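Breakdown of the fold
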Amino acid sequence: MINSELAKVELYERLKAGFSEIAETMSLELVEIKIIPLGGRLVIRAIIHKPGGVTIADCRNASNAFSDYLDIENLIEGKYVLEVSSIGLDTPLLTPADYRRRLGESVRLEMKPGRFPRNLLDGKVLSAEETALRLETDGQILDLDYSEIIRGKIIY
């Protein structure tokens, strides 16, 4: 188990760096890592993404590669469980990186009141810069500042 917060931060940073490098070689993106102490062992959850979607084979291959990395680097004392999955369709879109992962896909945005007659906009993500999102909706191209968006989600 992890004996201190410092050790937990160090483990997180090493896992993030190692898993990110491995994922990149597999044309995947490591989106998130969670380390959860549970019942005397650690659960390591790695969330991956790939344009066009993550397959079961992608998860299996990433899991095998991440597991090999853990074994070689000997980062965890004791028992652990490694879980690898995709970000999922129901994961909310909150950051510019979340929207960049969904370029070309259809989204529904809940907007702050004021600028639009409806507070919901459906459209296709054309670009996602650091401060603004470009959305094609109802034949129009809109540039939306992230501060105008309450949350977004994929339409499937």
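As shown above, the structure is provided for reference.
The numbering scheme is per chain: residues are counted from 1 as the chain's sequence reads. Only residues with pLDDT of 70 or above have their local features reported here, since the model is predicted, and side-chain atom pairs are shown and tallied only from 80 upward, although totals for entire chains, interfaces and linings are computed over all residues. Where side-chain values are given, they derive from all heavy atoms of the structure, hydrogens and water being excluded.

Describing unusual backbone geometry
Heads up, the condition is: Secondary structure counts use DSSP, requiring at least four H or I residues in a row for a helix and at least two E residues in a row for a strand, with both numbered from the N terminus. Under the scheme applied here, a residue whose accessible area is under 20% of the maximum for its type counts as buried, over 50% as exposed, and between as partly exposed, the area being computed with a 1.4 Å probe on protein chains only.
If you check the backbone angles, N74 has positive phi at about 50° while not being a glycine. Looking at where N74 falls in the secondary structure, it is placed in the loop between α2 (56-73) and β3 (80-86). Judged by its relative accessible area of 62%, N74 is exposed. We note that D138 has phi near 50°; this positive angle belongs to a residue other than glycine. You can see D138 is positioned in the loop between β6 (132-137) and β7 (140-145).

Let's talk about the sheet that holds strand β1 (residues 29-38)
The criterion, for reference: Paired strands, in this sense, are two strands between which DSSP finds at least two bridges. Lines fitted to C-alpha atoms define the axes here, with helix axes fitted over just the stretch in contact, and angles between the N-to-C directions of these axes take values from 0 to 180 degrees.
On the basis of which strands lie adjacent, the open sheet formed by three strands has the order β1-β2-β3 and mixed pairing. Edge strands, defined here as strands with exactly one partner in the open sheet, are β1 and β3. Averaged over all adjacent pairs, the angle separating strand axes in this sheet is 15°, with direction ignored. Where strand β2 (residues 41-49) lies against β3, seven bridges are found, and the strand directions are parallel. Within β3, the position partnered with I48 by the bridge is S86.

As for α2
Operational definition: A helix is expected to span 1.5 Å multiplied by its residue count minus one. Here, the arc refers to the directions that run from the helix axis to the C-beta atoms. Whether two residues touch is decided by their heavy atoms; if any such pair falls within 4.5 Å, the residues are in contact.
Under the 1.5 Å per step criterion, the end-to-end length of α2 is 26 Å for 18 residues, consistent within 8% with the ideal 26 Å. Of all the residues in α2, the buried ones are D58, C59, A62, F66, Y69 and L70. One face of α2 carries all of its buried residues, which in axial projection span an arc of 95°. Of the exposed residues in α2, those oriented more than 90 degrees away from the buried face are I56, D71 and I72. Packed against the buried residues of α2 are α1 (5-25), β2 and β3.

Notes on the pattern of salt bridges
When the charged atoms of two side chains lie near each other, side chains of opposite charge can form a pair. How we decide: For this document, the term salt bridge refers to a Lys or Arg side-chain nitrogen within 4 Å of an Asp or Glu carboxyl oxygen.
Taken as a whole and judged by the stated rule, the model has 12 salt bridges. Where E32 meets K34, a salt bridge forms, and the shortest distance between an N and an O atom there is 3.9 Å. A salt bridge links E83 to R45; its shortest N-O distance comes to 2.6 Å. Residue E83 is found in strand β3, and its partner R45 is found in strand β2; the two are separated by 38 residues along the sequence. For R45, a relative accessible area of 33% gives the class partly exposed. One continuous salt-bridge network, built from bridges that share partners, spans E29, D98 and R101.

As for the nonpolar core
For clarity, the threshold we go by: As used here, the term nonpolar core means buried Ala, Val, Leu, Ile, Met, Phe, Trp, Tyr and Cys residues forming a set that is joined through side-chain atoms within 4.5 Å.
Judged by nonpolar contacts, the single largest core of 22 residues is most densely connected at L15, F19, I44, I48, F66 and V84. Broken down by secondary-structure element, the contributors of at least two residues to this core are α1, β1, β2, α2 and β3. Apart from the residues lying within four places of it in its own chain, the contact partners of F66 are F19, I22, A23, A46, I48, L82 and V84. By size, the runner-up hydrophobic cluster in this structure holds 16 residues, among which are V107, L121, L135 and I149.

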